[in-house]
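Topology and contacts: notes
Each chain is listed here by its residues.
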Amino acid sequence: TQSTRPQRILGAVQQNATRGDPRSVVRAIDQYCRNQEWAMNVGDEKGCILDSVVSEVNPATVLELGTYCGYSTVRIASLLPPHAKLITLEFNPEFAVIARQVIAWAGLEDKIQLVEGASGDLIPKMKEQFGVETFDLVFLDHWKDRYLPDTKLMEECGLLRKGSVLLADNVICPGTPDYLEFVRSSPRYESQYFKSHLEYTKVEDGLEKSVFLG
Ligand SMILES: O=C(NCCCOCn1ccc2cnccc21)c1cc(-c2ccc(F)cc2)cc(O)c1O
Ligand SMILES: [Mg+2]
């Protein structure tokens, strides 16, 4: 039977990456997706910007919206301090099955909690179910029309504190126009655009970093 793209990405990790070495997992996925077949990982170019923001924030609590195969999950978690925690939400059960194996190959299970479901349902349950107070960093990489409603929902649920950083992928391609307009015009956010390219292509894309001012 025909394999899926996420299954082929997992295969590339198992064949080319070293167990317990997150950077080799990231490299194996980038090489596969650049040379064999495109996939919607944040990728190596935007990934370097992601690395610099994670290192600057040095977060104790991270929320990722959109796990896919776990590429950015592993990339972020590999930079976290010892007792930091990353919660990642994935809507598609098939993606979740692959991501759990990629995360395990990287040896990062202890830092990462993958939760399956829809952000609109799970965000209101974060405090009670997952024992979260607030998030120091949120990486938005899920349905592009959910970035704005979920940001408002995180505010309403008290999950953002003064200084919480939102980092949004794909603000140009596929694009998140309503979200960009909101964070760039709201007095409660300080936003900055990092120009880059759509993963593994020459098409323009970028990351928007927005600091919640409380
Ligand atoms: O669509 C994309 N990502 C989203 C996946 C579904 O996410 C669904 N999803 C994941 C958790 C979650 C929680 N609640 C609801 C939905 C939830 C996405 C798409 C492209 C892209 C760019 C150009 C193209 F020609 C084609 C595709 C690039 C990207 O970098 C992306 O991230
Ligand atoms: Mg993306």
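Attention here is on the structure that accompanies the text.

About the thresholds
Residues numbered from 1 in each chain as written. Chains lettered and ligands numbered in written order. Predicted model: local features only at pLDDT ≥ 70, side-chain atom pairs only at ≥ 80, totals over all residues. Heavy atoms only, no water. Axes fitted to C-alpha atoms, helices over the stretch in contact; angles between N-to-C directions. Helix = DSSP H or I, 4+ residues; strand = E, 2+ residues; numbered from the N terminus. Parallel < 35°, antiparallel > 145°, perpendicular 65-115°, else oblique. Contact = heavy atoms within 4.5 Å. Nonpolar A, V, L, I, M, F, W, Y, C, P; charged D, E, K, R; others polar. Near = heavy atom within 4 Å. Polar contact = N/O pair within 3.5 Å; in protein donor to acceptor, adjacent residues only side chain to side chain. Areas by Shrake-Rupley, 256 points an atom, 1.4 Å probe, with all protein chains shown as cover. Phe/Tyr/Trp six-rings, centres within 6.5 Å; stacked < 30°, edge-to-face > 60°. Buried < 20%, exposed > 50% of the residue type's maximum accessible area, 1.4 Å probe, protein only.

Some details on the packing of helix H2 (residues 22-35) against helix H5 (residues 93-106)
To characterise two packed helices, one gives the angle between the axes of the helices and the distance between these axes. Close contact between H2 and H5 brings their axes to 8 Å; oriented N to C, the two are set at 135 degrees. Classed by the angle they form, the pair H2 and H5 counts as oblique. Where H2 approaches H5, its residues Pro22, Val25 and Ile29 are matched on the opposing element by Val102, Trp105 and Ala106. Looking at side-chain class alone, the contact of H2 with H5 contains six nonpolar, no polar and no charged residues.

Observations concerning the site of ligand 1
Not every one of the 19 residues close to ligand 1 is listed here, only the nearest: Ser119, Asp141, Lys144, Asn170 and Glu199. Between ligand 1 and the protein, one listed contact pairs an oxygen atom with a side-chain N or O atom of Lys144 at 2.9 Å. Within the contact set of ligand 1, an oxygen atom lies 3.2 Å away from a side-chain nitrogen or oxygen of Asp169. Compared with its free state, where it exposes 690 Å², ligand 1 has 78% of that area covered by protein. At the level of secondary structure, the elements contributing two or more residues to the shell around ligand 1 comprise strand S2 (85-90) and helix H9 (171-175).

Some remarks on the packing of aromatic side chains
Scanning the entire structure with this criterion turns up five aromatic pairs. Ring plane angle 85 degrees and centroid distance 4.9 Å describe the contact between Tyr68 and Phe95, whose orientation is recorded as edge-to-face. Note that Tyr68 is positioned in the loop between strand S1 (61-65) and helix H4 (71-77) and Phe95 in helix H5, a separation of 27 residues in sequence. Judged by relative accessible area, which is 10%, Tyr68 ranks as buried. Grouped by ring-pair contacts, the aromatic residues Phe182, Tyr189 and Phe212 constitute a single cluster.

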